[in-house]
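These are the residues of each chain, in order.
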Amino acid sequence: MKSRSHRFPEASPSALPPATADDPLADNARTHVDLIRKALAVVRPQFRLDAANGIHGVPHWSRVWFHGRRLAQALEVNPHILAWFAFLHDSQRRNDGWDPGHGRRAADYAVRLRRERVVVELSPGEFECLCEAMRLHSDGHVVGEPAILACWDSDRLDLARVGIRPDPDRLGTGPARRRETIEQAVRLARGEPSGVRAGSRRGRDTP
Ligand SMILES: [Fe+2]
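If you're wondering where the values come from, they're calculated on a predicted model, not measured in any experiment.

**Considering the overall build of the chain**
Consideration 1: Along the backbone of the chain there are eight helices and zero strands.
Consideration 2: For the chain, the succession of helices and strands along the chain, N to C, is α-α-α-α-α-α-α-α.
Consideration 3: Relative to all contacts within the chain whose residues are 6 or more apart in sequence, the contacts with residues 24 or more apart total 64%.

**Some remarks on the nonpolar core**
Consideration 1: Of all hydrophobic cores here, the largest spans 46 residues; its most connected members are I81, L82, W84, F85 and L130.
Consideration 2: At the level of secondary structure, the elements contributing two or more residues to this core comprise helix 1 (33–46), helix 2 (58–75), helix 3 (79–88), helix 4 (102–115), helix 5 (124–136), helix 6 (146–156) and helix 8 (179–190).
Consideration 3: The greatest single-element share of this core, amounting to eight residues, is contributed by helix 3.
Consideration 4: Contact partners of W84, with chain neighbours within four places excluded, come to A39, A110, V119 and L130.

**Description of the packing of helix 1 against helix 3**
Consideration 1: Between helix 1 and helix 3, the least distance of the axes is 10 Å, while the angle of their chain directions is 25°. One way to sum up the angle between helix 1 and helix 3 is to call them roughly parallel. Every pair of crossing elements has a handedness; the one defined by helix 1 and helix 3 is right-handed. Contacts from L35, I36, A39, L40 and V43 of helix 1 reach helix 3 at H80, A83, W84, F87 and L88.
Consideration 2: Among the residues forming the contact of helix 1 with helix 3, the class breakdown is nine nonpolar, one polar and no charged.

**Considerations on the environment of V42**
Consideration 1: For V42, the position within the fold is in helix 1.
Consideration 2: In this structure the C-alpha to C-alpha distance between V42 and L88, which are 46 residues apart in sequence, comes to 9.9 Å.
Consideration 3: Discounting chain neighbours no more than four positions away, the residues touching V42 are L113 and V118.

**Concerning unusual backbone geometry**
Consideration 1: Phi angles above zero are rare outside glycine, and E76 is one such case at about 55°.
Consideration 2: When you line up the elements, E76 lands in the loop between helix 2 and helix 3.

**Comments concerning helix 2**
Consideration 1: If you check helix 2, its first and last C-alpha atoms are 25 Å apart, about what 18 residues at 1.5 Å a residue would give, namely 26 Å.
Consideration 2: Counting buried positions along helix 2 gives 15 out of 18 residues, so the element sits mostly inside the fold.

**Examining helix 5**
An α-helical turn contains 3.6 residues, so any two residues separated by three or four positions project in the same direction.
Consideration 1: The first and last C-alpha atoms of helix 5 sit 19 Å apart over 13 residues, in line with the 18 Å expected at 1.5 Å per residue.
Consideration 2: Within the span of helix 5, buried status applies to C129, L130, C131, A133 and M134.
Consideration 3: Those residues of helix 5 that are buried lie in contact with helix 3, helix 4 and helix 6.

**Describing the confidence of the model for the chain**
Consideration 1: Averaged over every residue, the pLDDT of the chain is 84; the share at 70 or more is 78%.
Consideration 2: Per-residue pLDDT stays below 50 along residues 1–22; that stretch engages in 38 contacts with residues further than four places along the chain or on separate chains.
Consideration 3: This model gives residues 193–203 a pLDDT under 50, and the stretch forms 23 contacts once residues within four places in sequence are excluded.

What counts and what doesn't
- Residues numbered from 1 in each chain as written.
- Predicted model: local features only at pLDDT ≥ 70, side-chain atom pairs only at ≥ 80, totals over all residues.
- Helix = DSSP H or I, 4+ residues; strand = E, 2+ residues; numbered from the N terminus.
- Contact = placed C-beta atoms within 7 Å.
- Core = buried A, V, L, I, M, F, W, Y, C linked by C-beta atoms within 7 Å.
- Buried ≥ 20, exposed ≤ 12 C-beta atoms within 10 Å, placed from the backbone.
- Axes fitted to C-alpha atoms, helices over the stretch in contact; angles between N-to-C directions.
- Parallel < 35°, antiparallel > 145°, perpendicular 65-115°, else oblique.
- Left-handed = near helix turned anticlockwise from the far one by under 90°.
- Nonpolar A, V, L, I, M, F, W, Y, C, P; charged D, E, K, R; others polar.
- Expected span 1.5 Å × (residues − 1).
- pLDDT = per-residue confidence, 0-100.

See below:
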């Protein structure tokens, strides 16, 4: 894959990336690249919505993974949980607005992928955490297992893409609540050419 002009902060400390476009591998570290390629190859073709430009499409999944792997490192949880969460949690949406069943459907989809030996990187307990995180990810909880909280926070940190600044009181982990983390997430989301106007909101379960 060709290198892009944008880079994540560790590659260019003075500047946040202007965009991740639809390229979830636009990261110098290229961590977990095999898992991400596999996830995209499986998940993207079945996604019903606008994967390239939609508010719940690949650019969002990419940023959730960006936040998720940092939270995984800070909280010492398996980053593979965060990776699968990033690329699966909105994969079963039927619209970009109010879709209260999409988390449960995502968990059901993960179970199917597990049965088909696609999701193989997680222990049984880790896989259950992943499914629980997906089932409840748009319900606003801030209490739970560290891995589950990291999943939820990685998603909520990207709320600025729809004009909502992440609220520290609605984040469940210390690293996510840090002012610098939120500022970085806001800048990252605003750099995304998603076509969504700042200030708009498309439904209560937007994450
Ligand atoms: Fe999301």
